[in-house]
Structure formats: C-alpha cells, structure tokens
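# Examination of the molecular architecture
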Amino acid sequence: MPFLPIAACLALGIAASVRLEHYSFPGIAAGSTAVIFAAGAALGLNRPRTALALGLAAVSLGGLLMTLAQRDGLPQHHISSLIAAAKLPLEAPVEFEACVLEEPSPRAAASITLAELRAFRQDGRWVPSCGRTLIRLPLPDLPPGDPVPGAELRYGDRIRGWAILSVPRNFGNPGAADTAGALARKDIGVIARVKSPRLLEVLPGDCRRPWQAIAAGARETIKRRLQEIGRDSHAREAAVLAAIMIGDYSRLEPATREIFQNAGTYHVLVVSGLHVGWIAWLLTLATRLLFVPQRAGRILVAAGILFYALVVGFQASVSRCLWMFGLCLLGQALFRSASPANVAAAAAFFLMAFRPYWLFDTGFQLSFVSVMAIVLLALPWIDTGLRPLTEPLRRANDPERLHLDPGPWSARGRALRTRAELLAEAIADRIHPLAGRSVLWAFRILSWVFFAAGGMFLISLAIQFALSPLMAFHFNRLSWIGPFANLAVMPLASATLAAGLLATAAGGLPPETWLTPAALRVTSALLETTAWITRLPGAWQRCATPTAGATVAAMAVIFCLSLPHRRRWLTIPAALGLTLAFASGPGGAILRPEYRAPEGLLRLSFLDIGQGESLVIRFPDGRIWVQDAGGFSVVTENRVEESHWDPGEMVVSRYLWWQGVRFIDRILISHPHQDHAGGGAALLRNFGVQSVLMSEVRREDAMPRLLAAARSAGVPVRLSAAGREEHVGGVRVRVLHPPEISPRRSLNDNSMVVRLDYGRFSVLLTGDIETRAELELLAGGHDLRSLLLKVAHHGSRSSSREALLDKIGPRWAVISAGRGNPFGNPSKEVVFRLLRRGARPLITFDHGAIFFETDGAGYRLSSHRAGKLESGTLPVRQPALNINAIGEQ
C-alpha cells in the first residue's frame, strides 16, 4: 500500500499550513528542493531507508507549498485579495454583476443562490473580479399572478443589481463551527444580501456552459418532479428522496436530520459510494444487455458516473468514488490488480493534491475514514473470521471443495459442515433422500444469509468504530445502535434510491401510477424504521467535544489494530498520545489554548449568538446556569419568520460541550421572545437539566417547543418574580423584576432582571426591559449599583435611559448584538451614554464571546477574539445610602 504513507505525509503538510501565517515561500521551496536532492543522493549511496524518509518529508513540504499557494497566491482581482486590500465595498449597497452557478435553495422567507461574481461598480466604473458569492434573496408576499423579477433564477443566468456585501464570519465562541472556513474551501468569499428581487436584472442563459447546462437541467427536472410528488402531504418523503437522489438538503427538516444522525445512519442521506455503486451496477447491466464490448462498457459506465457527479455536484464522497473507479479502470487496463486500501489512499492523494483544503472538510474526512475502515478493518475481519466459518457449510456435500485452511475459525467451519452433513444423512436414512438434500440446501441458504448479514454487520461495526472519534468531534453524538440499525436501514435506503429513480424516470408515463406510491411507501418505511430505532433506550447519546489531538490519537489507535503483528508496536505511541490528549482536559494548554477558570471563581460567559442573547454562569462550586439560549428569526418587509437554524443546538450547546459540560443546574428564560428562548428546547434535549425558571409563559413561537421539551425530559418549569433570592456557591442571586406578571406590560417589560453579588463584584442582567420596566426598577428602591451591566434589549435606544445608568454606575457594559442586524443595534445614543459615564462597552459581534471571572476581590476580563482585555483588583464597595432613613432624620 505505497500510497498510504504518501497520502498521510501530504495530509501532514496540508495540516501544518493552518498554523503558518508568516513565512518565506521561496525559502520553503528551496528547502523542499534540497530535501529532494538529498533523497536522490541517499538513494545513490544505497541508503534506501534514508531516501524514503527524505522523500516522504519532501511530500509533506510539497503539501505545505500547495496549500500556501492556494491560500495566499490568489490573483489580485479575486474576492479574497480585494477584501485584504480593502478594495471591495463591504456593508454598503454596491452594484454587482454575477453568473448563477446553482438553482436557488429555499431558506425560510428567502432563497440562497450560489453565483460567480464577475464585477462590481466603484467610483463610477466597473471593476472586474472573480470568486463565488452566496446571494440571499427575500421572497415577499405578492398577489397571485404578479411576476417578481429575479425570483426564479436558473443556472447560467447573468444577473446585475444592488446588494450589500459582507464577509462570512464564524460565531466568536470557543468550539464554534468553522462556517467561514467551510465556505472559503468552496471559494465563497462574500455573502450578498439583496433587499428585493426587483433590484435584479436577469439575462437568462447568458453564462451557460453546454455540459453544465445539461447537468443543471437534469437536476432541476428531478427537483420539479420530486416537488410534484411531495404536494399531497408527502413533503417529508419528497425531501428525503431529494436528499438521497441528488444531494438536495434544502427542504430536509431538522427533525428528519436528527433521527438519522441519532441512529448512526445519516450517511444514507449523503450521496456517496452507495449511490455511485447503484448507478454503476445499473449502467453495467445495461451495457451487458446491449452486448457492448467490455472496455467500451467500462468507459460508458465511467462517463455515466461523471455525469451523475455533475448533476449532484462534485462533493467529497462523489469525487472519491469517481477517482477510485477511474483508478480501478486504469489498473485493469494495465493488467494490474490493486489493493482497495491503496486505491482509496491514491484517490485521497490526488484529491488533496488538487484541492488541499478538502482535508479539513467534514465530508471528505468521513468518506475516506469510512472506506479505510472497510478495507483495513472490516474486510480482514470477514476474510479471517466470517468467511472461514461459513464457507465450508456453503459447500456442504461437495466432495470436490474441501477447506483445509489453518486457523480456529476454519476448524469451526469444518465442524459445522461435518455436523450438517451427518444430520442430513441421518434424515435421509430415516425419512427420504429428498428430505436430506432439502436440509442441506436449507443449511447452505442459512449459511449464505448469515455470511451476508454478518458481513454487513462487520462493515457497519468497523465504520462506526472508526468514525466515532470524528462523530464526537464534529457532531457531539455517539450512536451505539448504528451497527444494528444499518442492517435494517441500508436495504431500505437502497430500495428508496431505486424506487425514487424509477418514479422520477417514469414521469408522465403509465407506470407512474404505481411507481410513485411505491416510492413514497418505501421512503415512509425508511423514516418510520429509523425513528423507531432512535427511540430504543440507550441507542445514542450526546457527548462532550474531544480535543483535536485526542481525536487524531484515537483514530491512530483504531487503525493501528489493522497493522501486521510485527508492526503492532506502533499502537504504543498512539495510545500514549491518546492518554496525553485526554489528560490535558478541555482546557489543556497544549491542545486547548483557551483559558479555563479554576474552581472557586465566578465565571460569566456572554456568548456571541448573533441577534440574540445567551449567558453561561459557572458558579464557584462548579454549578452551571444558562440564562437564555438565543434564537433566530428572518426579518422581511412584511413579517418576521422563525428560522430552522437553531442557535441553542449549533452555538450554545457546542460551547457547553467544548467546556465538557454534561449537566445544567438551571435554565433562566428572561422572557419568551424567540431571540432569547428559541434555543432552550435544544438545551433540554442535549443536557441533563434540573429546572427551568422564567418570568412568564405567554404563547410565543418559542414557548410551545420549550414547554414540550421540558415535559418530555421531566424538568419542572417555575415562574419567578421580584423578591426571589438564593445563595449558590457563595454567590447571592436576587430577582429584582418583574414585581408580578402583568399582561398590561409588554413581553420586553416583563423580562426577568437578575442581580448577582460575589464579594466586591456585582452584575445586573436586564433582559430586554424598556422604559416602563426601568421606571419600575428605579421606583422599587433596589440597590442597583453594579460593576458589570448586561445592557438591556441589545443596546436598543428604547432602553438604558440616563436615570437608570446613573443609578447602576457600571464600569463594564456587555452588549449582545448581531453584526449588520436589521434593527441597527446597538444604538449610538446608548453607546455614547455608557461612554459619558465611564463605562467600557463590549459588543459581542466585535469581541466574540466575552468572559468575566472573579474571586470576589480580583477580576480578569477577556474575549475569544482579543484574548485578555484587562485584569486587576475590584474596588471596595461603599454601603448604599438609605434614602428613607435620611428622610426620617
């Protein structure tokens, strides 16, 4: 398997580029050249091992050079180069021209279109550019029959219009998903927000390329056909068919994704080797029925797979299958037999050589690790254990096929065959010879069924075993039922794919009348079976995020098990690395540079959650409270719609998992608005929660899901009002507002206001209170003085009046707001009010997550993006003046 170490060294060089920011490209190139010459010299001196080591080092340096060239060697008119040189107008309306690359995908009240940016207008002239962009186009409500220019875009359309360009950004929290990196690997440098479809001018088909136009037309035809199938209350089944057949996940509901992920069968929704295998088998069968010569048939099959890859897009899994099929064809043409592991490693090598950053793509990792698990783990298990056990019985009563292979499993297989033959002879003597032959045939069939089911189980077990570290790292999910679930789900998924292809191909033909219902029934059976599997006790669990080092070390240990006995010693350093990685813990200085507070400190983590709020409170005794969990809404001209994107799952939970949190002692919901309560249901599903405390339960979009999740988890939900007080780990926690729940107040003014006191430190958490609630707080006679203020209502001008700020007197003020939010938060007036009073404003879209930790006397203020901001000793708090006592005197 020569390509295995070569691909590994190339991946090592690509991975090293992540940490390399300042470098000399000519210096690295000169070093690579010197290493190559040194390898040649060592080979000339008959030192093959030294030459091999130097050659592999040269491959690693080559991977490093290729990655740096792709990352930093972009042309000057590329989007990334223009952004780096500050030549591309951002966060302001700009006229642009682009070509549509993919048909739009629906997202709540908008559509997302992938396009190639061609030019933009600046200072009265068109500036040429290149690079991809995602165009977000709102779809407002219009009267029936009223055409909307630009609402329906197709591949190859040239569009020109006005948009606001912004750079994709990750949420600034530890453990956040690298969304910007994933987009950059697809060459997507900016996101264009178009305010209205009427601002677009469309030239249909002006940018089309013939082959891509044919593939795009086939994809659109399949999508339209599937939309027709899903009209009559079958939208869920149609969405699953679209995902399985063409990799269209735009209409797939989050609940559907979740059941497949929990069952460990999400791979059946991803276009992968299963789909390519079916396509290749059908095309091969067709070429044989048409008596096409073998070599020409293989070329036609390869062309068919290439066209299918064009239809679904060159995803990592499809590209891997395409390369492996091509390499196998090349090996057969050269009359060479190839090791499956070597072919897979060669495919990985060529894909990384063309696209180095695919190494960091989750789909690429899952695809190749699963293939290597099959060829390095599952196939040896089958060849050395399952096959010797079942093969003799499948050849029972065949004197010409004797199995004399050594090994314990071969001995057991021969024993089973002998017993089956003796039993068949006894039945033949007592009953009839036909009965004896029937028993032997039954044993043969049973042996074949056992071999097929056992092989599928071992393959599934090997895949789950090898993918577990990656699944824990990327998705915080472990599926224990996966190896068994695949035995039922994989045949149903294959039947679903075949039925969907036939039903789509039969559109408008007589077989459609029974093919379409059959496809829907098979898809429904797939969904119901998967849902039933996930409901089994202990079938799956969520888990904390392992470190990157622990993930790599665990995978190294797993794959070292496939090495020959003389090389098993390599398992020892891999196991030591795994032990070191886990011993470092979530806050280890080597594997996790993020600072983690020791016990005895109060730590407040204000998360960057976009236009929402979430605060994680770690008390000195280690207990965890979470106040609010964000939510996401799509704001259009006429309405506000809830998005399927759940920040409670994707942001808050990921941060907690990254911190190693498994239990939450309490969830505080300041008020029921979507941007505060929308992610609460996800926290109740993902963590053990003791109780939920909220200010009121009014029927809002987020409330039904949150209450249903609490009932399902058996978590009590309690209401709280002013006067509630408790001590947690030495911290005094008081609820100051609302005095009682009143429907006459708005939801914002009914927000829960909480104050925490710990030694000299105090913090005031104000929810989304506005003017009326602020006046009630001032009139309540509470001691509001606080060093740290969580600014109300995301810094809106309707909150944080001068009188309240004067009473609080904050030294630091945290504002949770999303960059470019449609409300213009935080308001400039509020920021100026804080600055005039000597408070330091800290905004989450600038700093990312903001951390404040204190022991009651000293403090440390830091952020995820800027690191340490300040530290020192807290001022001694002066006793509050008793105004009533002064009046009496």
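For the structure, see preceding data.
Presented here is an overview of the structure given in this document. (Residues numbered from 1 in each chain as written. Predicted model: local features only at pLDDT ≥ 70, side-chain atom pairs only at ≥ 80, totals over all residues. Heavy atoms only, no water.)

### Structural notes on the packing of helix α13 (residues 362-394) against helix α15 (residues 433-475)
Orientation of α13 relative to α15, taken along the N-to-C sense of each, is 155°, at an axis distance of 8 Å. One finds that α13 runs roughly antiparallel with respect to α15. Of the two elements, α13 crosses α15, and the hand of that crossing is right-handed. (Axes fitted to C-alpha atoms, helices over the stretch in contact; angles between N-to-C directions. Helix = DSSP H or I, 4+ residues; strand = E, 2+ residues; numbered from the N terminus. Parallel < 35°, antiparallel > 145°, perpendicular 65-115°, else oblique. Left-handed = near helix turned anticlockwise from the far one by under 90°.)

### A look at the side chain of Ser479
With respect to the helices, strands and loops of the structure, Ser479 is situated in strand β9 (residues 477-479). For Ser479, a relative accessible area of 14% puts it in the buried group. A distance of 3.1 Å separates the side chain of Ser479 from the backbone oxygen of Asn262, its partner in a polar contact. Among the polar contacts made by the side chain of Ser479, one reaches the main-chain amide nitrogen of Gly264 at a distance of 3.2 Å. (Buried < 20%, exposed > 50% of the residue type's maximum accessible area, 1.4 Å probe, protein only. Polar contact = N/O pair within 3.5 Å; in protein donor to acceptor, adjacent residues only side chain to side chain.)

### Some remarks on the nonpolar core
Judged by nonpolar contacts, the single largest core of 37 residues is most densely connected at Met352, Phe364, Val369, Met372, Leu467 and Phe559. Elements represented by at least two residues in this core include exactly α1 (3-16), α11 (316-333), α12 (340-354), α13, α15 and α18 (548-560). By residue number, the principal contributor to this core is α13, which donates 11 residues. Every residue in contact with Val369, bar those within four places of it in the chain, is listed here: Ala466, Leu467, Leu470, Met555 and Phe559. Counting residues in hydrophobic clusters, the runner-up holds 36 residues, among them Ala215, Ala243, Ile246 and Phe260. (Core = buried A, V, L, I, M, F, W, Y, C linked by side-chain atoms within 4.5 Å. Contact = heavy atoms within 4.5 Å.)

### Overview of α18
Between its terminal C-alpha atoms α18 stretches 18 Å, which fits the 18 Å expected from 13 residues at 1.5 Å a residue. By the burial criterion, the buried members of α18 are Ala550, Thr551, Ala553, Ala554, Met555, Val557, Ile558, Phe559 and Cys560. (Expected span 1.5 Å × (residues − 1).)

### Digging into the sheet that holds strand β20 (residues 731-737)
Taken together, the seven strands give an open sheet; going across it, the order is β19-β20-β21-β22-β23-β24-β25, and neighbouring strands pair in mixed fashion. Lying at the two open borders of the sheet, with one neighbouring strand each, are β19 (725-728) and β25 (840-843). Averaged over all pairs of adjacent strands, the angle between their axes in this sheet comes to 20°, without regard to strand direction. (Pairing = 2+ DSSP bridges.)

### Focus on the environment of Leu203
With respect to the helices and strands, the residue Leu203 is situated in strand β8 (residues 200-203). Given a relative accessible area of 39%, Leu203 falls into the partly exposed group. For the pair formed by Leu203 and Gly156, sequence separation is 47 residues and the distance between their alpha carbons is 8.9 Å. In this view, Leu203 contacts Gly156, Asp157 and Arg158; residues no more than four positions away in its chain are not counted.

### Brief notes about empty space enclosed by the protein
Summed over the entire model, instances satisfying the criterion amount to four cavities of 30 Å³ or more. Considered as a void within the structure, the largest cavity measures approximately 100 Å³ in volume. Taken together, Arg603, Ser605, Val616, Arg618, Ile624, Tyr655, Leu656, Gln659 and Val661 make up the lining of the second largest cavity. Each residue belonging to the lining of the second largest cavity can be placed in one class, and the counts come to five nonpolar, two polar and two charged. (1 Å grid on protein atoms, 1.4 Å probe; cavity = no way out; pocket = protein on both sides within 12 Å on 5 of 7 lines; lining within 4 Å. Points joined across faces, edges and corners; volume = space filled by probe spheres on them. Nonpolar A, V, L, I, M, F, W, Y, C, P; charged D, E, K, R; others polar.)

### Remarks on the sheet that holds strand β18 (residues 717-719)
Read across the sheet, nine strands follow the order β18-β17-β16-β13-β12-β11-β26-β27-β28 without closing on themselves; strand pairing throughout is mixed. In this open sheet, the two strands that pair with only one neighbour each are β18 and β28 (867-873). Direction aside, the axes of adjacent strands within the sheet are offset by 15° on average. Here helix α23 (residues 702-713) sits on the sheet and contacts β16 (663-669), β17 (688-694) and β18; the angle it forms with β17, its principal contact strand, is near 140°.

### Brief notes about the side chain of Asp646
Mapped onto the fold, Asp646 is located in the loop between β15 (640-642) and α20 (647-658). Filtering out sequence-adjacent residues up to four positions away, Asp646 remains in contact with Gly678, Gly679, Ala682 and Arg685.

### Looking at the pattern of salt bridges
What the rule picks out here adds up to 34 salt bridges. Three or more residues joined by partner-sharing salt bridges are found here, namely Arg734, Arg755, Asp757, Asp783 and Arg785. (Salt bridge = Lys/Arg side-chain N within 4 Å of Asp/Glu carboxyl O.)

### Quick notes on the packing of α1 against helix α3 (residues 48-72)
Where α1 meets α3, the axes come as close as 7 Å, and the angle between the chain directions of the two elements is 45°. As judged from the angle between their axes, α1 and α3 are oblique. Seen from above, α1 lies across α3 with right-handed handedness. Judged by residue contacts, Pro5, Ile6, Cys9, Leu10, Leu12, Gly13, Ile14 and Ala16 of α1 engage Leu56, Val59, Ser60, Gly63, Leu64, Met66 and Thr67 from α3.

### A closer look at unusual backbone geometry
Geometrically, the link from His737 to Pro738 is a cis peptide bond, its omega value of 0° lying close to zero. Positionally, Pro738 belongs in the loop between β20 and β21 (753-758). The linkage connecting Asn825 with the following residue, Pro826, adopts the cis geometry, with an omega of -5°. One non-glycine residue with positive phi stands out, namely Asp628, at about 65°. Assignment of secondary structure puts Asp628 in the loop between β13 (624-627) and β14 (633-635). With phi around 55°, His793 is a residue other than glycine that occupies positive phi space. Turning to its location among the elements, His793 is positioned in the loop between β23 (788-790) and α25 (802-808). Look at His793 and you get buried, because its relative accessible area is 16%.

### Considerations on the packing of aromatic side chains
All told, the structure shown has 14 aromatic pairs when counted by the stated rule. Ring centres of Trp358 and Phe364 lie 6.4 Å apart, and the angle between their planes is 50°; this geometry places the pair in the tilted category. As far as burial versus exposure is concerned, Trp358 and Phe364 are alike and both buried. Aromatic pair Phe457 and Phe484: ring centres 5.1 Å apart, planes at 45°, arrangement tilted. Of this pair, Phe457 sits in helix α15 while Phe484 sits in helix α16 (residues 482-505), and the two are 27 residues apart along the sequence. With relative accessibility at 51%, the residue Phe484 sits in the exposed group. It is Arg394 that lies over the ring of Phe451; its NZ or CZ is 4.5 Å from the centre. Looking at Arg412, its charged tip hangs above the ring of Trp409, at a distance of 4.7 Å from the centre. (Phe/Tyr/Trp six-rings, centres within 6.5 Å; stacked < 30°, edge-to-face > 60°. Lys NZ or Arg CZ within 6 Å of the ring centre and 35° of its normal.)

Interpretation note: all reported values are geometric properties and have no functional meaning in isolation.
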